[in-house]
Every structure is written in C-alpha cells, then in structure tokens.
Amino acid sequence: THFGFREVPTGEKQKLVGEVFSSVAGKYDLMNDLMSLGIHRAWKRYFVGTAQVAPGDRVLDLAGGTGDIAALLRDRVGDAGEVVLGDINGAMLRVGRDRMIDRGSVRGLSYVQCNAESLPFPDASFDLVTIAFGLRNVTDKDAALREMHRVLKVGGQARVLEFSEVQAQWFKPLYDFHSFKVLPKLGQLFAQDASSYQYLAESIRKHPPQDQLKAMMDTAGFVRTSYKNLNGGIVAIHTGYKV
Ligand code: SAM
C-alpha cells in the first residue's frame with residue numbers, strides 16, 4: 001500500500017480524537033518544539049536508538065503521525081528493511097508522508113491508515129512495534145497492546161514512549177502550571193486552538209502511570225517488561241518482548 005491509505009472503520013471517540021489531530025496536523029511539529037522546548041527530539045532519538053532493531057528488519061510505528069519515529073527507524077533498518085507508518089488520521093499520515101519525501105526517504109516505507117486497536121496485519125509480521133505519544137489517545141489500550149503483541153514475531157520487541165507520572169513532588173506544581181496555563185496559551189497563540197492543547201494536558205493526567213502500564217503489558221502477553229523514566233518521569237519508555 002505504498003502511498004495509498006487503507007481505511008479501517010473507527011468508533012465515535014476515535015472520530016473525536018481524529019478531529020483533534022486533523023485540526024493540529026499542519027502545526028503539529030512546530031507545537032511539539034514549542035511545548036517541549038525541543039526536548040521531544042532527544043526523547044525520540046533515545047527511544048529509537050535503544051530499540052532492539054537491526055538492518056533488514058520489518059518494523060511498525062503505530063500512531064506514527066508526522067513521521068519522526070519512522071524517519072529514525074528508517075535509518076536503523078537500512079535499505080534492506082521496511083518501515084510501516086500506521087496512523088488512524090489521514091491528515092497526520094499525509095503530513096508524515098510529505099515530510100518523509102522531503103527528507104528523501106521513499107524506499108522501504110509504507111503508510112497505512114489504521115486503528116491501533118485492530119490492526120490490518122497478519123500475526124507475527126514485525127520484528128519491532130513502536131508507539132510514541134500515541135497510546136494515550138487510544139480508547140481501548142489493552143486491545144492495542146494485545147494487537148501489538150499479536151503482530152510481533154517471536155523474539156520481537158514492543159516499545160511505548162509516552163508521557164507518564166512525574167516522580168519528584170517539588171516538580172509537580174511547575175509541571176501543572178506548564179500543562180494547564182502555558183500549553184493552552186501556546187495553542188491559542190500559535191495554532192489558534194486552545195482546546196486541543198487543553199485536551200493534551202488532560203489526556204496526560206488520565207494515562208496509566210508507569211507501574212500500571214507495565215502490568216497492562218504483562219496482561220497483554222509481553223514478557224520481560226520494564227520501563228525507564230526520562231526527565232524524571234515526564235515521559236517513560238516501556239519495553240516488552242514476545243516469546
Ligand atoms: N508518533 C508521533 C510523534 O511522536 O510525533 C505522533 C504522535 S501524536 C501526539 C498522536 C497520534 O496518534 C496522532 O497522529 C493520532 O492521529 C494518532 N492516533 C490516535 N488514536 C489512534 C488510534 N486509535 N490508532 C492509531 N493512531 C491513533
């Protein structure tokens with residue numbers, strides 16, 4: 001499905017999430033840089049740089065959006081490998097595809113419009129499955145984790161990069177101020193859209209914290225699950241394997 005989007009029917013909440021991302025797609029990269037002071041780039045490099053992946057591998061990046069993770073993965077799998085960028089939102093996928101072409105990356109990439117909760121791929125088809133800043137938006141996270149497990153080959157790794165629970169008490173008030181006061185203002189100023197960024201802050205608070213997400217991965221069938229906090233738990237990387 002190179003350059004084609006396969007459609008998968010989606011539920012109501014999924015449609016709403018879809019609308020949020022449609023409205024931000026064009027400004028998405030600028031907003032990431034503004035909101036995180038550019039730190040999201042370092043998180044993503046670390047996330048892909050420490051993933052279990054080798055040249056020639058076939059990898060899936062779910063909720064891949066504008067393609068930051070896919071571009072980094074592309075460098076790691078090389079010309080013999082393949083990166084599939086999956087996202088539920090056609091507008092994000094189009095921005096992602098255009099950016100990949102601008103970066104000179106065409107070969108070994110495909111784009112699939114899909115819901116992480118029910119993936120249009122056969123069992124055991126990927127060496128690595130990633131989802132970065134995406135699981136938070138998925139309604140049925142358990143289903144998404146089960147699907148990630150299903151499409152992985154035996155010995156494959158699943159990795160989740162997501163906002164998590166800040167560990168240090170002293171940092172929490174500052175973090176709340178940034179989330180609930182600064183973010184909506186930035187959204188208003190630069191994207192003429194405060195409510196999408198209000199949604200962002202709320203969705204971060206509702207996301208399962210480190211240990212709970214690890215337990216959910218265990219339940220989905222992953223083994224040797226673990227997590228690593230980055231920047232004191234602002235984000236965490238969860239890892240699990242299929243055996
Ligand atoms: N991974 C990219 C990154 O790190 O820059 C994009 C992250 S963006 C915050 C979240 C993405 O998740 C959006 O592109 C959105 O369309 C996608 N998404 C939301 N719900 C989804 C679902 N159920 N299945 C697949 N993608 C979903």
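Keep in mind that what you see is a predicted model, and the values were worked out from it rather than measured.

So, how was this worked out
- Residues numbered from 1 in each chain as written.
- Predicted model: local features only at pLDDT ≥ 70, side-chain atom pairs only at ≥ 80, totals over all residues.
- UniProt positions renumbered as here; feature names shortened; annotations may be inferred.
- Helix = DSSP H or I, 4+ residues; strand = E, 2+ residues; numbered from the N terminus.
- Buried ≥ 20, exposed ≤ 12 C-beta atoms within 10 Å, placed from the backbone.
- pLDDT = per-residue confidence, 0-100.
- Contact = placed C-beta atoms within 7 Å.
- Core = buried A, V, L, I, M, F, W, Y, C linked by C-beta atoms within 7 Å.
- Near = placed C-beta within 6 Å.
- Pairing = 2+ DSSP bridges.
- Axes fitted to C-alpha atoms, helices over the stretch in contact; angles between N-to-C directions.

Chemist: Describe the UniProt feature "binding site: S-adenosyl-L-methionine" (unreviewed entry) in the protein, with residues and values.
Modeler: Summarizing the sequence annotation, UniProt attributes the feature "binding site: S-adenosyl-L-methionine" (unreviewed entry) to Thr 66, Asp 87, Asn 115 and Ala 116 in the numbering used throughout. With respect to the helices and strands, the residue Thr 66 is situated in the loop between β1 (58-62) and α4 (68-77). Tracing the chain through its elements places Asn 115 in the loop between β3 (109-113) and β4 (126-132). For Asn 115, a count of 24 C-beta atoms within 10 Å translates into the label buried.

Chemist: How would you explain the confidence of the model for the protein if you had to name every residue and give the values?
Modeler: Residues shown with low pLDDT carry predicted positions that ought not to be read at fine detail. On average, the protein scores 90 in pLDDT, and the residues at 70 or more come to 92%. Within the model, pLDDT remains below 50 along residues 1-9, and this stretch shows 20 contacts once partners closer than five positions in the same chain are excluded. The complex model carries a pTM of 0.90, and its ipTM stands at 0.99.

Chemist: I'd love a proper account of the nonpolar core, names of residues and values included.
Modeler: Ranked by size, the top nonpolar core spans 54 residues in total, and within it Val 59, Ala 70, Leu 73, Val 83 and Val 129 carry the most contacts. With six residues, α4 is the largest single contributor of residues to this core. Beyond its immediate chain neighbours, meaning those up to four positions away, Val 83 contacts Val 59, Asp 61, Ala 70, Leu 73, Arg 74, Val 77, Gly 108 and Leu 109.

Chemist: How would you sum up the site of the ligand? Please name residues and give values.
Modeler: Around the ligand sit 22 residues, and of these Ala 63, Gly 65, Ile 88, Asn 89 and Ala 116 come closest. Secondary-structure elements contributing two or more residues to the shell around the ligand are α1 (12-24) and α4.

Chemist: Explain the sheet that holds β4 residue by residue, including any values.
Modeler: If you trace the seven strands from one edge of the open sheet to the other, you get β3-β2-β1-β4-β5-β7-β6, paired in mixed fashion. Edge strands, defined here as strands with exactly one partner in the open sheet, are β3 and β6 (223-230). When strand polarity is set aside, the average angle formed by the axes of neighbouring strands in this sheet is 15°. Bridge analysis of β1 against strand β2 (residues 82-87) gives four bridges, and the strand direction is parallel.

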